[in-house]
Amino acid sequence: MVVSIEFFGRQRLVTQTHSIKMPITGETRLNDALEYVRNLFPALHLDDGAVLVTVNHEMASLDRVLNANETVSFLPFIGGG
Amino acid sequence: MPRPSLLKAHVKHYNSNLMKILKQIKYEPARVVGGYTDRILRIDLGKSDIHVQELSPDFKHKYIGGRGYALKLIWDGTTRETRYDSPDNILVMASGPLGNEPGFPGTGKFIVGTISPLTDTFIDSNVGGHFGPLLKLAGFDALAVSGISQKDVVVLVDGDARTISIAAASVYDEDTDEGALSFGQQLLQDANGGELSDAMAAVTAGIGAHNSRFGIVNSLFFDRRRKRIRSKQAGRGGTGTVMRAKGLRGIVVRSSLPRANGNNAVDKEGVRREGSKLKEVVSKCDSQQLNLGAWGTTGLSEFMDKLHIFPINNYQYGQSPESKNLFAQVFLERYFSKKIPDGCYYGCNLACSKGAENVELTRGPRKGTKVNIDGPEYETVGAVSCMGIFDPQFVMEYNWYCDEYGLDTISTGVTIGFFMECFQRGFLTADDVGYELTFGNIEAADRLLHEIARGKGFGKVAGQGVARGKKWMAQRYASRNGASEEAALAEISKFGMEVKGLEFSMYISKESLAQQGGYGFALKGPQHDEAWLIFIDQVHKELPTLEHKANALKWFPLIRTWFNATGLCKLPWIDVRNPEAAKTAEPVKNLPTLAYYVGYFNATTGSNKKLEDLLDDSERLYVLQKLINLRQGKGTRPHDQIPLRAMGPAYLNEYQFRAEYYDNWLKEQLGDGKLPGSPEERHKLLLEKRAEAYQQLCDIVYEKKGFLSNAIPKRETVEKFGLMDEQADQLLKKFGM
């Protein structure tokens, strides 16, 4: 089982890719995905309060269990100018 | 001094003697104290009259500045019969008490407010640049122009020479005379012995503003870094059309007074302290978040596409594989030639005003010319996607031509997109237009843009905007097909993206009930500067109930109104999230950053207000604007209704584009999970549910705002804010209250 982790905008300048796949088990949580990305790309700034951690483009709790083929992304806060 | 290549051909026309002064007064510029001069410059172009109006201290306490001043002048100085081209219509330009402070980010904003040619009620548009700050340094909190000049004129407000003049507009060559940018640059040079200076700024309106209802006011200033004239736009609602209707081609303002501490703040150290805090947050966070400093607002395109919010093909689809051609990196790599801080006013370290130099036009009457382009902003990119076009070069050229002609990129794109959909659905024919007006057809879109600007061909129809375009289309279709005009109008209104006469800004609101309200209740029409709640609603899921949505639809318009009254840009607050906000109960309000703004206001003006007090001040302005809408016939519940397209997939093709998503949404709504059998039935049921939810939202939002269920403000609401003058009393009586 895998989930897809997407990178947007400025994040891609660091990751050099639009997305990666992360293997999961039935107990993998969103926080595990966050740590996985932090380890893989230490230059990405994913500090608490700096980005919105989402599953399938909706904000989710970090202890949420991930399901196969879901999409994790780190969105900036957009206020609409 | 290097001259932009655009104007090389025009240099020979320079001659300061071309400025024939028709009327001039001497004046003593008032000193700015605590952010205010307590003066308004009043000019009646019909009578060639110039006078300085002194304000009582109460005026600023009650109406704050910016939008507040414009509202009060329009309320007192116009009537229900006033239209955009009436002599008594007033064109107001006003900064605010917090405008003009290089120690604090985003203080170059000013408001252009008037009675709109699109909505027939109050419209205002906020715009950056140096004009607002320089007007204040030249001695005025606001400039109010009434009357109509029989000949084209310009106004010169010279704080250095201490003169205010009305002069005949100079005549150059056709390109310069038609162009807001070209004319403005020439005007600034003529007014300053041929040299460009950052002690001067101008506002201008081009030929497109003369020939359409959605003309803009360009705000021009000299950028010392780029060594050229740059422009920002007061884009919404046809303020430039009003300017041209008055025979006013441009206004120049000059002041050589220092900008630093230009407001003579009561507590200078307090201003410095609050400004430093905000600058630190912007400096630390923007590059990790939206990266506006590098990409400008074009960075939004990718997120809007990903979240199905990009307004493709007249808001039919929110996403396309072709959208990537319009993402920020494309503009950064191909066009944003200088990677330098690009603030539209001194001291702003967000610096999001991106631009490009020497871009060669490949289309239109200026084909082959190399021009300097300011932008594109996200809204312009979105407007091009609205026409089904995904060509970045076209975005740049569309941007420049709209600015030069003086056309709103949003209304132009939405109107063209609307007629493209009329063509798609068989209402409009090639015989009507003169060519095939299909989505994605760059040649057709480009041709129609120039026709709108010149008031030629089908541009005469399209230049009237969507609201009038809907009626024209229904009449035309009905007479051609022997059909009911009423039925045709009802069908066309499903996808005619306007409310109150103003075209929507560039976000699909179908999946956010809160944003449907953000557009529908917006007093000026569907522009997102009252409330942009899509992200909070759709992604954060922080507005789960009608009560939550209604609270947001009260709070955000009030705080955003305050920004528009004080001369401030909202971006450093709303688009740069302070990490401390995560520790608060409502992170989306970004309250830690707002605290800096409250501190800045108090330090500048010597007040001791809390955020709640500022929101109360804003609510007074909000209710006053509501009264103007009521007077102008745009203030009741039917005027807050939005097109079907804004609340859901208006047609089956849109439903099918995201069938799985919509089916899941319906299942959640129905509870038992049993869906109707056919896609047609599901689509119909979904739209019924959406329409029902919107009406429920109306009820609760009106209650929160102190209005009756017909959207008319209660007497006690008007009285609470000290607005019950004779006019308000008579107006409410007329509505049976």
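Residues numbered from 1 in each chain as written. Chains lettered and ligands numbered in written order. Predicted model: local features only at pLDDT ≥ 70, side-chain atom pairs only at ≥ 80, totals over all residues.

Another aspect to go through is the overall build of chain A. Looking only at helices and strands, chain A has two helices and five strands in total. Secondary structure of chain A in N-to-C order comes out as β-α-β-α-β-β-β. Since a compact globule built from 81 residues should have a radius of gyration of about 12 Å, the 12 Å found for chain A is in line with a globular shape. Considered along the principal axes of its C-alpha atoms, chain A spans approximately 40 × 25 × 20 Å. Burial statistics for chain A: of 81 residues in total, 31% are counted as buried. Within chain A, counting contacts between residues at least 6 apart in sequence, those at least 24 apart form 49% of the total. (Helix = DSSP H or I, 4+ residues; strand = E, 2+ residues; numbered from the N terminus. Rg over C-alpha atoms; globule rule 2.2 N^0.38 Å. Buried ≥ 20, exposed ≤ 12 C-beta atoms within 10 Å, placed from the backbone. Contact = placed C-beta atoms within 7 Å.)

Another point: the overall build of chain B. A tally of helices and strands in chain B yields 32 helices and 17 strands. For 737 residues, the compact-globule formula gives about 27 Å, and the C-alpha radius of gyration of chain B, at 24 Å, lands near that figure. For chain B, the spread of C-alpha atoms along the principal axes amounts to about 75 × 55 × 55 Å. A burial count over chain B gives 59% of its 737 residues as buried. Partitioning the contacts of chain B with sequence separation of at least 6, the portion at a separation of at least 24 is 71%.

Structurally, Ser287(B) is set in the loop between helix H8 (268-285) and helix H9 (292-295). Through-space distance from the C-alpha of Ser287(B) to that of Leu350(B) is 9.5 Å; in sequence the pair is 63 residues apart.

Of the residues lining the interface, 20 residues belong to chain A; the matching set on chain B comes to 27 residues. Going through the elements one at a time, helix H1 (9-15), strand S3 (52-55) and strand S4 (58-59) of chain A are the ones with two or more residues in the side of chain A that touches chain B. In terms of residue class, the side of chain A that touches chain B is built from eight nonpolar, eight polar and four charged. (Nonpolar A, V, L, I, M, F, W, Y, C, P; charged D, E, K, R; others polar.)

This brings us to the sheet that holds strand S5 (residues 71-75) of chain A. In space, the five strands of this open sheet follow the order S2-S1-S5-S3-S4 (chain A), with mixed pairing throughout. Strands with a single pairing partner mark the edges of an open sheet, and in this sheet they are strand S2 (19-23) and S4 of chain A. (Pairing = 2+ DSSP bridges.)

Frequently, the measure chosen for interface size is the accessible area removed from exposure when the parts meet. All names here are of chain B. Domain annotation of chain B identifies domain 1 (5-254), domain 2 (290-503) and domain 3 (515-576 + 610-734). Domain 1 puts 32 residues into the contact, and the matching count from domain 3 is 25 residues. At the level of elements, helix H2 (67-77), strand S5 (110-115) and strand S6 (122-127) are the ones that each hand at least two residues to the side of domain 1 that touches domain 3. The residue inventory of the side of domain 1 that touches domain 3, partitioned by class, reads 11 nonpolar, 14 polar and seven charged. (Domains from an automatic or database assignment.)

Let's shift gears to the pairing of strand S2 (residues 39-44) of chain B. On a regular strand, each side chain points to the face opposite its neighbour's, so the side chains alternate between the two faces of the sheet. Residues and elements named next belong to chain B. Pairing analysis gives six bridges linking S2 to strand S3 (residues 49-54), with the strands arranged antiparallel. Along S3, the bridge assignment pairs Ile 43 with Ile 50. Following S2, the chain reverses through four residues before pairing antiparallel with S3; Ser 48 in that reversal takes a positive phi of roughly 55°.

Before going further, it helps to spend a moment on the sheet that holds strand S4 (residues 91-94) of chain B. Residues and elements named next belong to chain B. The six strands are arranged S3-S2-S7-S4-S5-S6 in an open sheet whose pairing can be described as mixed. The two strands at the open ends of the sheet, each matched to only one other strand, are S3 and S6. Within the sheet, the average angular offset between the axes of one strand and its neighbour, ignoring direction, is 15°. One ladder, built from four bridges, connects S4 with strand S7 (residues 142-146); its direction is antiparallel. Among the inter-strand pairings, Ala 94 is bridged to a residue of S7, identified as Ala 142. (Axes fitted to C-alpha atoms, helices over the stretch in contact; angles between N-to-C directions.)

So, about the nonpolar core. One recurring pattern in soluble globular proteins: nonpolar side chains tend to sit buried together. Formed by 238 residues in total, the largest nonpolar core has its most connected members in Val92(B), Val252(B) and Val253(B). Beyond its immediate chain neighbours, meaning those up to four positions away, Val252(B) contacts Val154(B), Leu156(B), Leu187(B), Leu188(B), Ala191(B), Met200(B) and Ala202(B). (Core = buried A, V, L, I, M, F, W, Y, C linked by C-beta atoms within 7 Å.)

Before going further, it helps to examine the packing of helix H21 (residues 513-520) of chain B against helix H30 (residues 679-705) of chain B. All names here are of chain B. Remark: H21 packs on H30, axes separated minimally by 10 Å, with the N-to-C direction vectors making an angle of 60°. Every pair of crossing elements has a handedness; the one defined by H21 and H30 is right-handed. Packed against H21, whose contacting residues are Leu 513, Gln 516 and Gly 517, the element H30 presents Ala 693, Tyr 694, Leu 697 and Val 701 at the interface. Along the lines of polarity and charge, the residues of the contact of H21 with H30 split into five nonpolar, two polar and no charged. (Left-handed = near helix turned anticlockwise from the far one by under 90°.)

A separate point is the environment of Arg226(B). Residue and element names in this part refer to chain B. In this fold, Arg 226 is placed in the loop between strand S11 (217-223) and strand S12 (228-234). Residue Arg 226 is classed as partly exposed on the basis of its C-beta count, with 17 C-beta atoms lying within 10 Å. Counting along the chain gives 263 residues from Arg 226 to Leu 489, while the straight-line C-alpha distance between them is 49 Å.

Taken as a whole, chain B shows an average pLDDT of 95; of its residues, 97% reach a score of 70 or greater. Segment residues 1-16 of chain B is flagged for pLDDT under 50; beyond a separation of four residues in sequence, or across chains, it makes 27 contacts in the model. (pLDDT = per-residue confidence, 0-100.)

This part is about helix H25 (residues 591-605) of chain B. All names here are of chain B. Helix length check: H25, at 15 residues, gives a terminal C-alpha distance of 21 Å against a target of 21 Å (1.5 Å per residue), a fit within 8%. Among all positions of H25, only Thr 593, Tyr 596, Tyr 597, Tyr 600, Phe 601, Asn 602, Ala 603, Thr 604 and Thr 605 are buried. Against the buried residues of H25 lie H8, helix H23 (546-566), helix H24 (571-574) and helix H26 (611-631). Taken from the residues just after H25, Gly 606 is the one with a positive phi, measuring 80°. (Expected span 1.5 Å × (residues − 1).)

What follows concerns the environment of Phe7(A). Residue and element names in this part refer to chain A. In this fold, Phe 7 is placed in the loop between strand S1 (2-6) and H1. When the C-alpha positions of Phe 7 and Pro 23 are compared, they lie 17 Å apart, and in sequence the two are 16 residues distant. When neighbours within four sequence positions are excluded, Phe 7 is seen to be in contact with Arg 12, Thr 15, Thr 17, His 18 and Ser 19.

Turning our attention to unusual backbone geometry. Here Gly375(B) and Pro376(B) are connected by a cis peptide whose omega angle stands at 5°. Its place among the elements puts Pro376(B) in the loop between strand S15 (370-374) and helix H13 (378-386). Located in the positive-phi region is Asn56(A), a residue other than glycine, with phi close to 55°. Looking at where Asn56(A) falls in the secondary structure, it is placed in the loop between S3 and S4. Since 12 C-beta atoms lie within 10 Å of it, Asn56(A) is described here as exposed.

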